[in-house]
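Below are the chains, spelled out letter by letter.
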There are 2 protein chains.
Amino acid sequence: MDAGALLDLLGNENRRRILRLISRKPCYVTEISEQLGVSPKAVIDHLRKLEEAGLVESRTDDQRRKYFHIARNVRLEVTVAPYGFGMKSAYPASPSFDLSGCQHLKISVSRSELPAEADGGATAAAPEASDASEGLTVTPAELADLAERLNELQDLARELSLAQRWVQGRIAGALDSLADAIGDEDYLHAEVLAAVEDGTTAPQEISRELDVPREVVVECLRQLRERGLLRRRAGEWQLAT
Amino acid sequence: MDAGALLDLLGNENRRRILRLISRKPCYVTEISEQLGVSPKAVIDHLRKLEEAGLVESRTDDQRRKYFHIARNVRLEVTVAPYGFGMKSAYPASPSFDLSGCQHLKISVSRSELPAEADGGATAAAPEASDASEGLTVTPAELADLAERLNELQDLARELSLAQRWVQGRIAGALDSLADAIGDEDYLHAEVLAAVEDGTTAPQEISRELDVPREVVVECLRQLRERGLLRRRAGEWQLAT
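So, here is what we can say about the structure in this document. What you are looking at is a predicted structure, and each value in this text was computed from that prediction instead of being measured.

## Here we look at the relation of the copies chain B and chain A
Each copy of the sequence occupies a distinct position, and chain B is placed on chain A by a rotation of 180° and an axial shift of 0.0 Å, giving an RMSD of 0.1 Å. Taken together, these values place the two copies in the relation of a two-fold axis. Minimal C-alpha separation from the rotation axis in chain B is found for Gly11 of chain B, amounting to 2.0 Å. When the interface residues of chain B are mapped onto chain A, 100% of them again lie at the interface, so the same face is used by both copies.

## A few points about the interface of chain B and chain A
Counting from both sides, the interface comprises 115 residues of chain B and, opposite them, 115 residues of chain A. Area buried by chain B at its contact with chain A is led by Arg24, His104 and Trp166 of chain B, which between them contribute 9% of it. Where chain B touches chain A, the interface holds 8 salt bridges. We note a salt bridge from Glu191 of chain A to Arg24 of chain B, for which the minimum N-O separation is 2.5 Å. For the interface between chain B and chain A, the tally reads 41 residue pairs in polar contact (both at pLDDT 80 or more). Elements with a contribution of two residues or more to the side of chain B that touches chain A: α1 (3-10), α2 (13-24), β3 (74-81), β4 (84-90), β5 (105-107), α6 (140-181) and α7 (188-197) of chain B. In terms of residue count, α6 of chain B provides more of the side of chain B that touches chain A than any other element does, 35 residues in total. In terms of residue class, the side of chain B that touches chain A is made up of 59 nonpolar, 26 polar and 30 charged.

About the criteria used
- Along each chain, numbering runs from 1 in the same order as the chain's sequence is written.
- Key to labels: chains lettered from A, ligands numbered from 1, both in the order written.
- It should be noted that, the model being predicted, local features are given only for residues of pLDDT at least 70 and side-chain atom pairs only at 80 or more, the latter also being counted only at that level, while totals for whole chains, interfaces and linings use all residues.
- Hydrogens and waters are ignored; side-chain quantities use all the structure's heavy atoms.
- Superposition of the copies was done by least squares, using only C-alpha atoms of residues whose pLDDT is at least 70 in both.
- Throughout, a residue-residue contact means that at least one pair of heavy atoms, one from each residue, lies within 4.5 Å.
- Summed over both partners, the accessible area lost on bringing two parts together, with a 1.4 Å probe, is the buried area.
- By salt bridge we mean one thing: a side-chain nitrogen of Lys or Arg within 4 Å of a carboxyl oxygen of Asp or Glu.
- In protein, a polar contact requires one atom able to donate a hydrogen and another able to accept it; more generally it is a pair of N or O atoms within 3.5 Å, and residues adjacent in sequence count only if both atoms are side-chain atoms.
- Going along the chain from the N terminus, every DSSP run of H or I of four or more residues is numbered as a helix, and every run of E of two or more is numbered as a strand.
- In this classification, the charged set is Asp, Glu, Lys and Arg, the nonpolar set is Ala, Val, Leu, Ile, Met, Phe, Trp, Tyr, Cys and Pro, and all remaining amino acids, among them Gly, are polar.

Below is the structure:
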């Protein structure tokens with residue numbers, strides 16, 4: 001889902017309140033309308049927009065009541081900074097997604113697997129649901145393990161968030177240093193220079209990466225060459241040394 | 001800045017286009033209006049809202065032209081998932097922010113300092129700006145180092161983003177397992193159980209942490225006790241064992 005479309009949807013307080021409400025438990029229109037003090041007509045209108053975007057789905061129960069719930073797991077990140085405005089939306093990566101390719105990042109969670117899966121046969125003799133804990137399919141110890149696993153992942157998510165705030169501050173600092181070094185007021189020259197250093201050498205590629213029109217990139221490369229900061233070799237841009 | 005207020009502002013496409021434009025270089029109203037094909041009146045209105053929120057600032061030049069630029073460095077994260085709707089906004093952490101307290105996360109960047117600072121005297125003999133590279137205050141090698149430092153941090157930011165997508169998928173899986181284990185359709189019971197496992201034992205605290213009304217938490221705790229999953233000891237909730 002496009003980040004812009006997602007922002008358009010989430011830029012409405014009542015839609016956010018609806019999402020928060022139905023994320024706890026599926027609700028029908030009258031319920032939402034009463035809990036939030038919003039007219040049923042407006043609720044229906046918001047739900048329709050959310051449904052069209054695939055964020056929300058409904059299910060009809062035996063009494064023919066339509067219950068709405070959140071259908072998608074989607075994540076949105078927006079950065080507003082003097083050096084740039086960026087936004088992206090993404091679906092969660094699958095659990096088997098390989099993080100070992102990360103060069104700057106190491107992640108560890110001790111309880112990454114279901115204990116019942118990890119220990120295999122050892123816990124196969126787990127008792128059936130006892131009378132006291134109706135509906136339980138695991139032992140209390142396993143339940144505690146599952147809860148701990150969840151808490152650990154939530155801790156990790158918080159740490160990642162902190163790390164991202166840290167890195168955003170560092171990026172701002174690094175860009176300032178680079179812009180200072182080349183004596184530039186705006187950040188575009190610094191970003192183009194960094195893109196070339198990173199091996200992005202065609203104007204079209206740089207334009208895509210920085211989300212800036214190609215003509216602007218071309219003019220920027222020309223100025224950087226004129227100032228002796230970049231040069232062209234065999235049709236490719238590189239840093240002057 | 002409140003995440004809701006930020007979403008309200010960013011939930012408008014023309015405001016996003018204005019932010020993207022002025023993040024590259026400061027612009028005045030006519031420039032913005034012409035580049036985006038939006039009436040000056042509308043541009044002024046958008047800029048006023050962005051200024052009031054402190055996202056945008058202006059500076060007046062010698063010709064008395066008012067240039068607008070982005071004033072703040074702020075980060076917004078939104079999660080829309082079947083198990084919850086969450087959003088938070090935050091300012092970047094300072095570079096000296098200590099990440100060593102992270103339990104599940106290790107971060108490494110090789111060029112975290114300006115080489116000129118790191119090597120001190122060794123590079124103190126760096127030449128003044130040469131004729132070819134006017135305005136340069138560093139050597140070409142130092143410039144390449146600065147660019148590489150920036151690229152490394154941007155790589156790290158991408159890796160953190162990937163890791164967050166991964167952890168969001170894992171949290172969804174862990175919540176599903178926990179909800180399955182207690183035989184519940186909605187996620188609230190699972191989340192309350194996990195909060196108690198994590199040492200959050202007062203209804204008021206749980207209510208704050210999960211952003212759910214206190215009455216709902218109290219009713220949830222009551223049901224979990226009835227089902228033999230939680231118990232109360234000395235006024236504190238804990239997992240039944």
